[in-house]
Amino acid sequence: MAEKFDHLEEHLEKFVENIRQLGIIVSDFQPSSQAGLNQKLNFIVTGLQDIDKCRQQLHDITVPLEVFEYIDQGRNPQLYTKECLERALARNEQVKGKIDTMKAFAGHETWNALPPDQPRASFSAPVSSSRAVNDTDLRYFEVPLSVAAA
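Parameters and conventions
- Residues numbered from 1 in each chain as written.
- Predicted model: local features only at pLDDT ≥ 70, side-chain atom pairs only at ≥ 80, totals over all residues.
- Heavy atoms only, no water.
- UniProt positions renumbered as here; feature names shortened; annotations may be inferred.
- Helix = DSSP H or I, 4+ residues; strand = E, 2+ residues; numbered from the N terminus.
- Buried < 20%, exposed > 50% of the residue type's maximum accessible area, 1.4 Å probe, protein only.
- Contact = heavy atoms within 4.5 Å.
- Areas by Shrake-Rupley, 256 points an atom, 1.4 Å probe, with all protein chains shown as cover.
- Axes fitted to C-alpha atoms, helices over the stretch in contact; angles between N-to-C directions.
- Parallel < 35°, antiparallel > 145°, perpendicular 65-115°, else oblique.
- Left-handed = near helix turned anticlockwise from the far one by under 90°.
- Nonpolar A, V, L, I, M, F, W, Y, C, P; charged D, E, K, R; others polar.
- 1 Å grid on protein atoms, 1.4 Å probe; cavity = no way out; pocket = protein on both sides within 12 Å on 5 of 7 lines; lining within 4 Å.
- Points joined across faces, edges and corners; volume = space filled by probe spheres on them.
- pLDDT = per-residue confidence, 0-100.

As named in an unreviewed UniProt entry, the protein is Mediator of RNA polymerase II transcription subunit 10, taken from Panthera pardus. Word for word, the UniProt comment on the protein under Sequence similarities (unreviewed entry) is "Belongs to the Mediator complex subunit 10 family." UniProt, in its Subcellular location (unreviewed entry) section for the protein, records the words "Nucleus".

So, about the overall build of the protein. Helices and strands together make up the secondary structure of the protein, namely six helices and two strands. Going residue by residue from the N terminus, the α and β elements of the protein occur as α-α-α-α-α-β-β-α. Here the protein holds 150 residues, and 15% of them are scored as buried. Contacts spanning at least 24 positions in sequence make up 40% of the contacts within the protein whose residues lie at least 6 apart. Carbon together with sulfur atoms contributes 59% to the accessible area of the protein, which is approximately 11400 Å² in total.

The geometry of helix H3 (residues 65-72) relative to helix H4 (residues 78-106) is characterised by a closest axis approach of 9 Å and an angle of 125° between their N-to-C directions. Between H3 and H4, the crossing angle belongs to the class labelled oblique. The element H3 and its partner H4 pack so that their crossing is right-handed. Two secondary-structure elements touch here, H3 through Glu66, Val67 and Tyr70 and H4 through Leu79, Tyr80 and Glu83. The residue makeup of the contact of H3 with H4, split by class, is four nonpolar, no polar and two charged.

What follows is about the layout of surface pockets. Volume-wise, the largest pocket comes out at about 210 Å³. Phe5, Leu8, Leu58, Ile61, Val63 and Phe68 together form the lining of the largest pocket. A breakdown of the residues in the lining of the largest pocket according to their chemical character gives six nonpolar, no polar and no charged.

Chain-level statistics for the protein give a pLDDT mean of 78 and a share of 73% at 70 or above. In this model, residues 125-150 is a region of pLDDT below 50 whose contacts with residues beyond four sequence positions or in other chains number 31 contacts.

Written out as structure tokens, the structure is:
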């Protein structure tokens, strides 16, 4: 998959360089440089075609709109990933704290004083901040369906 991105990056770098050279030719245009201008314009058209071919290879890639907002604000798009991970870790710690509290409460005498027909949560494995979160971690506790429907 990385070679797809490398290929696109190579075409984009060539395209940007051709645009830079076109700007130089246009800023100091002389009638004698018309052939060079035409050649650069053809390179730009070819470069756009190459970029469009790369687009077809990357059609299954999605980018969150927030990344484009970061770029529009002049911020590094890698900060988006960093901030998402920081928010996920903070939320993970918060939920882990709730689970630990519920487990501690489960052994408390107030928990045991609840009527037998009162719904009780059954706990799954706790989520540790030292490992990645996966789909099974999202089910922190399960409530019987009869209680959930009520």
